[in-house]
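The chain contents come next:
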Amino acid sequence: MLRKLTVILASFAVILAFAACASPAAPAAPAPAEAAAEPVLFQIGYENHPGEPIDLAVNEWARLIEERSGGSIRVELFPSSLLGSKNDLLDQMIAGAPVATLADGAFYAERGVPDFGIVFAPYLFATWEECWALTESDWYAEQTRLLAQNGLQLLASNWIYGQRHMLTTRPIHTPNDLAGFRMRVANSPTFIRGFEALGATPTPMALGEVYTALQQGVIDGVENPLPVLYNGGFHEVATYLLLSGHVRNFTTWVTGAPFFNSLTPEQQQILKETAYEAGLFNNGVFAGAEEAALEALVSHGVVVHVPTDEEVAAFQEAALRFFEFPDIVDRWTPGLAEYVISIIRS
């Protein structure tokens, strides 16, 4: 009986083995779908505070980028210098970080393109149209190319930052009033020399340090467009405003050439196109914001002085000294000032 059971079990095992060999193989599990590519991270850092025109326009820019890229570019915003100072960010860009910031010709003059510094010569531009005539010129295109060779890629140059005015702790009406006056300026030789030309003692520091410096008497004044002055709360510690308009400040957005070159041509085009479109948005917002900021400053007790024609002429004459500083003009291409003026006045 035992032998018979053993034979039966052995026969059953042979049948199972044959069936297994004869049955078609089970289909292989489908390969998992290829994971979607990670979006490119793009960080935008700037000094301006939430609610300023620049901040509103940057938020619009971020929206346009993410919408136009279909999510292939992810944007992070860092207002109020949260990502670092302007010079820190420029250093990060050159090193390859996926960062953009707001910067101007005065900074690019120290980044291998000295001719760019002329755009911050005091009283150079009389209208915004003169600014755009320069940014759309062959000269400007060449400066942009040189900047890219030095590791920085311009994305847009059509953003109005505003006319820069002086908010001070005592009244300023003429260049003579600036004698010995400690004016906060951005940390750039172009800014520094510009205010030396006007008669002040320029004091470079980060914008985030200005309120305390005014409060403690370290500086006597700060210069910037009206929305920046108001949103910084500087009117709480400096109550005299001179509508000097000493610089008509258009500004640019810049990123690192290494990062920009790592993008696809489509992504590069998206960053440029959306930066330009957001610039138009910014410029539309700015005029109303400038007027509102002036009204707000007056309502907080700021004493506003509109300079007379004679006072403006005195500042313009003083500004000519800017073109005599050897450490500025000796670095320029010979005849630069005359050439740039011929472009903007044509």
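How each quantity is defined
Within each chain, residues carry numbers counting from 1 in the order of the written sequence. Where local features are concerned, this predicted model is filtered to residues with pLDDT of at least 70; where side-chain atom pairs are given and counted, the filter is 80 or more; whole-chain, interface and lining totals use all residues. Think of the side-chain values as coming from all heavy atoms in the structure, minus any hydrogens and water. Under the DSSP-based scheme used, a helix requires at least four consecutive residues in state H or I and a strand at least two consecutive residues in state E, with every element numbered from the N terminus. When accessible area is computed with a 1.4 Å probe and restricted to protein chains, residues below 20% of their type maximum are described as buried, those above 50% as exposed, and intermediate ones as partly exposed. Note on definitions: a residue-residue contact is assigned when non-hydrogen atoms from the two residues lie within 4.5 Å. Surface accessibility follows the Shrake-Rupley procedure with a 1.4 Å probe radius. Residue values consider only the protein chains on display as shielding. For two strands to be treated as a pair, DSSP must find no fewer than two bridges joining them. Buried Ala, Val, Leu, Ile, Met, Phe, Trp, Tyr and Cys residues form a nonpolar core when they are joined through side-chain atoms within 4.5 Å.

Q: A description of the overall build of the protein chain should follow, citing residues and the corresponding values.
A: A tally of regular secondary structure across the protein chain gives 14 helices and nine strands. Sorting the 346 residues of the protein chain into buried and exposed places 49% on the buried side. Considering only intrachain contacts with a sequence separation of at least 6, the fraction spanning at least 24 residues in the protein chain is 76%. Of the roughly 16100 Å² that the protein chain leaves accessible, carbon and sulfur atoms contribute 58%.

Q: Outline the environment of Val-113, listing residues and values.
A: Here Val-113 shows up in the loop between helix H4 (105-108) and helix H5 (128-135). Along the sequence, Val-113 and Trp-332 sit 219 residues apart, while their C-alpha atoms lie 9.0 Å from each other.

Q: Please provide a residue-by-residue account of the pairing of strand S5 (residues 182-185), values included.
A: Strand direction decides the pairing type here: S5 and strand S6 (residues 201-204), joined by four bridges, are parallel. Paired with Arg-184 across the bridge in S6 is Thr-203. Of the strand pairs in this sheet, S5 and strand S7 (residues 221-224) are connected by two bridges, and their pairing is parallel. Among the inter-strand pairings, Met-183 is bridged to a residue of S7, identified as Gly-221.

Q: Let's hear about the nonpolar core: which residues, and what values?
A: The biggest cluster of nonpolar side chains holds 58 residues, and the ones touching the most others in it are Ile-118, Leu-178 and Leu-198. In this structure, Phe-42, Ile-44, Leu-241 and Ala-275 belong to the second largest nonpolar core, which totals 42 residues.

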